[in-house]
Amino acid sequence: MLRTGLYIIASPIGNIQDISARAVDILKQAEVIACEDTRITKKLFSLLSISLQKKFISYEDHSENQKSQQIINFINNGQAVVLISDAGSPLISDPGYKLVRLCRQQNIYVTAIPGACALITALQLSGLPTNRFMFAGFIPNKDKAREDLFDELKDIDTTLIFYETAPRLLKTLAAAAQKFSDREISIARELTKLYEETLTGSANELIEHFTANEPKGEFVVIIAPPQHEQISIDDIRPYLEKRLRETSLKTAVKEICAQTKLNKNDVYNLALELKHE
Ligand code: SAM
């Protein structure tokens, strides 16, 4: 018997086998299923041989407020409610955030059963740095909004990840060619499906590819972080000497670290050495 509360369950993003055994077990036991398109979720249940004898509630972006209260009423009446998306992890460019927030405010038990998420799978396949990344959701469709977003993000020192649709991909790559001309870009398409592919190159190389091969399916766009000029500790020696004559050691070290991203201890040790020369 399931504990009363909300169960956030990830569904597959293409390959049906990517649902976890725990997810299937909970889907079988839950009494209420909150989902985006009830037809899609019912089809998933049928493929997994799970009974449809449950209450299915459609829970979409535009009905989040009204449906959240209905879901909370079910939970307060002692039922276990599942939140599931059409594909992938709920709340990730999908509805659910408001519901989870309300549940937490009311001390309702909430748990998540992890699984497929397109942005993570695409990042794993991209070959781009994974230590720091920013997911920025869907790229806006309007030219000005897209440009503004790219301007806002272009100097941030992280890998950038976006969701994109097939009809908009070439426009997005054209904008990326303006704003991210020197950056490597990875395009992941149809992840976990028959025609899965991951391509990397400059925006212009990818434009060439997708002009010859019409974009089809679902896409994740990943942009490499900005490249910083590689400055070595030896390069800064003359400048550091000069600054040590003009200002305090602390200020000189702080300035150089901010400008170069060199290791603070290395700069500090060099400054001490120069001071004692
Ligand atoms: N919640 C989902 C997740 O965890 O990834 C994302 C839902 S969002 C409404 C749908 C977008 O995710 C698609 O337009 C596409 O950009 C991306 N996406 C979903 N499945 C994908 C797949 N199999 N391959 C590539 N991108 C995918």
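Residues numbered from 1 in each chain as written. Predicted model: local features only at pLDDT ≥ 70, side-chain atom pairs only at ≥ 80, totals over all residues. Heavy atoms only, no water.

## Some points on helix α3 (residues 64–76)
Taking 1.5 Å of rise per residue, 13 residues should cover 18 Å, and α3 covers 18 Å from first to last C-alpha, within 8% of that figure. Of the residues making up α3, those classed as buried are E64, K67, S68, I71, I72, F74 and I75. Mapping the buried residues of α3 onto a view down its axis gives an arc of 155°, with all of them on the same face. In α3, the exposed residues that point more than 90 degrees away from the buried face are N65, Q66 and N76. (Helix = DSSP H or I, 4+ residues; strand = E, 2+ residues; numbered from the N terminus. Expected span 1.5 Å × (residues − 1). Buried < 20%, exposed > 50% of the residue type's maximum accessible area, 1.4 Å probe, protein only. Arc of directions from axis to C-beta.)

## Observations concerning the pairing of strand β2 (residues 32–35)
Look at any regular strand and the pattern is simple: side chains alternate between the two faces of the sheet. Because side chains alternate across β2, one face comprises the buried residues V32 and A34, and the other comprises I33 and C35, equally buried. Two elements, β2 and strand β3 (residues 55–58), share 4 bridges in a ladder whose sense is parallel. When the bridges of β3 are listed, I33 appears paired with F56. With 4 bridges connecting them, β2 and strand β4 (residues 80–84) associate as parallel partners. Opposite C35, over in β4, you have I84 as the bridge partner. (Pairing = 2+ DSSP bridges.)

## A word on the packing of aromatic side chains
Under the counting rule described, the total for this entry stands at 7 aromatic pairs. Taken together, a centroid distance of 5.1 Å and an interplanar angle of 70° make the contact between F150 and F180 edge-to-face. Remark: F180 occurs in the loop between α7 (169–179) and β8 (185–189) and F150 occurs in helix α6 (residues 143–153); sequence separation between them is 30 residues. On the basis of relative accessible area, F150 is assigned to the buried category, the value being 0%. (Phe/Tyr/Trp six-rings, centres within 6.5 Å; stacked < 30°, edge-to-face > 60°.)

## Brief notes about the sheet that holds strand β5 (residues 110–113)
Across the sheet, 5 strands lie side by side as β3-β2-β4-β1-β5; this open sheet has parallel pairing. At either margin of the open sheet sits one strand with a lone partner, and together these are β3 and β5. Pairs of neighbouring strands in the sheet enclose a mean axial angle of 25°, with direction left out of account. Across the sheet, helix α4 (residues 97–105) is in contact with β1 (5–9), β4 and β5; its angle to β1 comes to roughly 145°. (Axes fitted to C-alpha atoms, helices over the stretch in contact; angles between N-to-C directions. Contact = heavy atoms within 4.5 Å.)

## What to know about the environment of S11
One can find S11 in the loop between β1 and α1 (21–29). For S11 and A23, which are 12 residues apart along the polypeptide, the C-alpha to C-alpha distance reads 8.3 Å. Setting aside residues up to four positions removed in sequence, S11 forms contacts with I19, L44, I84, S85, D86, A87, G88 and A116.

## Some words on the side chain of S11
You can call S11 buried: its relative accessible area is 0%. There is a polar contact of 3.1 Å between the side chain of S11 and the backbone oxygen of S85. (Polar contact = N/O pair within 3.5 Å; in protein donor to acceptor, adjacent residues only side chain to side chain.)

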